[in-house]
Amino acid sequence: MKQQRTILIVDRSSTNRQTYQHYLSNLGEIDYRVSQADSGYSALKICQNSSFHAVLLNSELPDIPGIEFLTKLEKILPVAVIVPSTAIAHQFLQAGAKDYILKDKITPEVLQHTLQSVMLREQAAQGYDEHLKQQLHQSWIALKQSEERLHLALEAAHMAAWEWNLVTGALSWSPNYAELVGLDPNNCPTTLEDWETGVHPSDRLRAQETLAQALESESELNNEYRIIKPNGEIRWLNCKGQIERNEQGVPVRMLGVTQDITEVKYQELQQSRLLNTEKAARVEAETANQSKDEFLAVVTHELRTPLNAILGWAKLLRTRNLDSDSIDRALETIERNAESQSQLIEDLLDVSRIIRGRLVLKPTSVNLYAVLSAAIGGVKLSAEAKQLQIDFDDMDFDATISGDPKRLQQIFLNLLSNAIKFTPQGGKIIVQLTSNDSTAQIKVIDTGIGIHSDFLPHVFDRFRQDHSNSASEEGLGLGLAIVRQLVELHQGSIDVQSAGEGQGTTFTVRFPLV
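For clarity, every value in this text was computed on a predicted model and none was experimentally measured. (Residues numbered from 1 in each chain as written. Predicted model: local features only at pLDDT ≥ 70, side-chain atom pairs only at ≥ 80, totals over all residues. Heavy atoms only, no water.)

Novice: Even after reading the chapter, I still don't get the sheet that holds strand 6 (residues 159-165), so can you show me in this structure?
Specialist: Ordered in space as 7-6-10-9-8, the 5 strands form an open sheet in which the pairing is antiparallel. With partners counted over all chains shown, the strands left at the sheet margins are strand 7 (171-173) and strand 8 (221-228), one partner each. Recorded for the sheet is a direction-independent mean angle of 25° between the axes of neighbouring strands. Where strand 6 and strand 10 (residues 251-260) come together, 7 bridges link them in antiparallel fashion. Opposite W162, over in strand 10, you have G256 as the bridge partner. Where helix 9 (residues 201-217) meets the sheet, it contacts strand 6, strand 8, strand 9 (234-245) and strand 10, and its direction lies at approximately 160° from that of strand 8. (Pairing = 2+ DSSP bridges. Helix = DSSP H or I, 4+ residues; strand = E, 2+ residues; numbered from the N terminus. Axes fitted to C-alpha atoms, helices over the stretch in contact; angles between N-to-C directions. Contact = heavy atoms within 4.5 Å.)

Novice: How should I be thinking about the packing of aromatic side chains in this particular structure?
Specialist: Any pair of aromatic rings gets described here by the distance separating the centres and the angle formed by the planes. Within this structure, the stated rule accounts for 4 aromatic pairs. Ring centres 5.4 Å apart and planes at 15° place the aromatic pair Y369 and F392 in the stacked group. Linking Y369 in helix 12 (residues 368-378) with F392 in strand 12 (residues 389-393), this pair joins segments that are 23 residues apart in sequence. According to the relative accessible area criterion, Y369 is partly exposed, its value standing at 24%. (Phe/Tyr/Trp six-rings, centres within 6.5 Å; stacked < 30°, edge-to-face > 60°. Buried < 20%, exposed > 50% of the residue type's maximum accessible area, 1.4 Å probe, protein only.)

Novice: I tried to follow a negative patch on the surface on my own but got confused; where do I start?
Specialist: Residues D323, D325, D328, E332, E335 and E339 make up a contiguous surface patch of negative charge. With respect to the helices and strands, the residue D325 is situated in helix 11 (residues 324-356). (Patch = residues over 30% accessible without salt bridge, like charges linked within 9 Å, V, L, I, M, F, W, Y side chains within 5 Å. Areas by Shrake-Rupley, 256 points an atom, 1.4 Å probe, with all protein chains shown as cover. Salt bridge = Lys/Arg side-chain N within 4 Å of Asp/Glu carboxyl O. Lys, Arg positive; Asp, Glu negative; His and termini not counted. Charge placed at Lys NZ, Arg CZ, Asp CG, Glu CD.)

Novice: Sorry if this is basic, but what is going on with the pattern of salt bridges here?
Specialist: Side-chain pairs of opposite charge can arise where the charged atoms are in close proximity. Counted by the stated rule, this structure contains 15 salt bridges. Of the charged contacts in the structure, one is a salt bridge between K229 and E233, with a shortest N-O distance of 3.8 Å. On the accessibility criterion, E233 (30% relative accessible area) is partly exposed. Because the salt bridges share partners, they merge into one network encompassing K229, E233, R235 and D260.

Rendered as structure tokens:
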């Protein structure tokens, strides 16, 4: 059987009275019969004609001061007063109030426990049996235990509870909110504007819009945003809340929790990075496999071409039916193709040695002018065949580095051969050798077909060829890759610039001087 208790609620605001009555109607163990008064004098008149177990009084009355109401109350009734601050609460307690509730801390649980407490204390004071005193003590213990359990649960989950009064605009938080956001407990936000100032500037507008949308649609709030703590640390918070309405269906407050989700966000970011890295690695592996397949096809073609020429002329020589001019031509062709095949094989061996770290340099003091002059002499006939002009200017005759003469000449031969290969007939190639106090710089500049911007980052990759021009289809795509490796083995660097197709190309090599 439910206990019946009569309560008089005295508050100038009808919304507040309805809200408090709604809070009391949700308690299952006690059947509260509630009367309402909107002023002090009307409440005093009601008390003259009716009997109540307790009075719930708002300290701010429209007609008389709340403390004066207590002095005029003829019947001895337990009064719980709703106050805006603890300082005012002490004044009411001295005037005879039995307990108080801070206005911005009212919840159904707090209201129910407070009224039960004042009524039980009043019963105990009037000489009721020890059982009622135990009820009072147990009610107080249950309230404290409930608060402690809630505090521990919120703390363990890195959460804080909050309440926003939609009527007064007051915002209140559980005690652990200050620790969660790194604020002084006395400086926690008490209004919506205070809360907004704590949101990260980049997230503030989105957080405001999310809250406004939840209020407009009267749906559940789910708001993620960053804050900047006073020490400069940035943390991610997730704010969830629900709207509560009075008996008329009017929203009166929003209750919710705020949780620190920084670690979750960092894990999501790390997972995203890992997925992107894995995706990039997969694309790179697929590209590498495709390049290897293309490389094998090119190798087969490049090795077979000189072999076919050698075998064809060898068979003709065996017939012994050739005149002297044809024999000379056959021998020249066999020699040229054999040298081409030998160079292909040497390139493959160089790449293999570089990959395995087996390429050994034989360093000595090397005059770069001499090496460059020899390399230019080595490609002179090829350049003349295409009517290309090679200019060797800005010469530093004394630039000397430590290096392997044979490998250095291989570097410049490859760069010059590459320039000749991709420069149309009648074009020009410029070789420059300059130096400063610590570095020698060599530039090979051509007026050739240039390099497409998409392919520029891949110029020095092994087995990579620019398929946008037919000239690159010849060869294995190893020459420039070998050049870069040899330059780096000499503690140097190489880069390439091209304004685009048809704009020529410039290779720049730098070596430390001795």
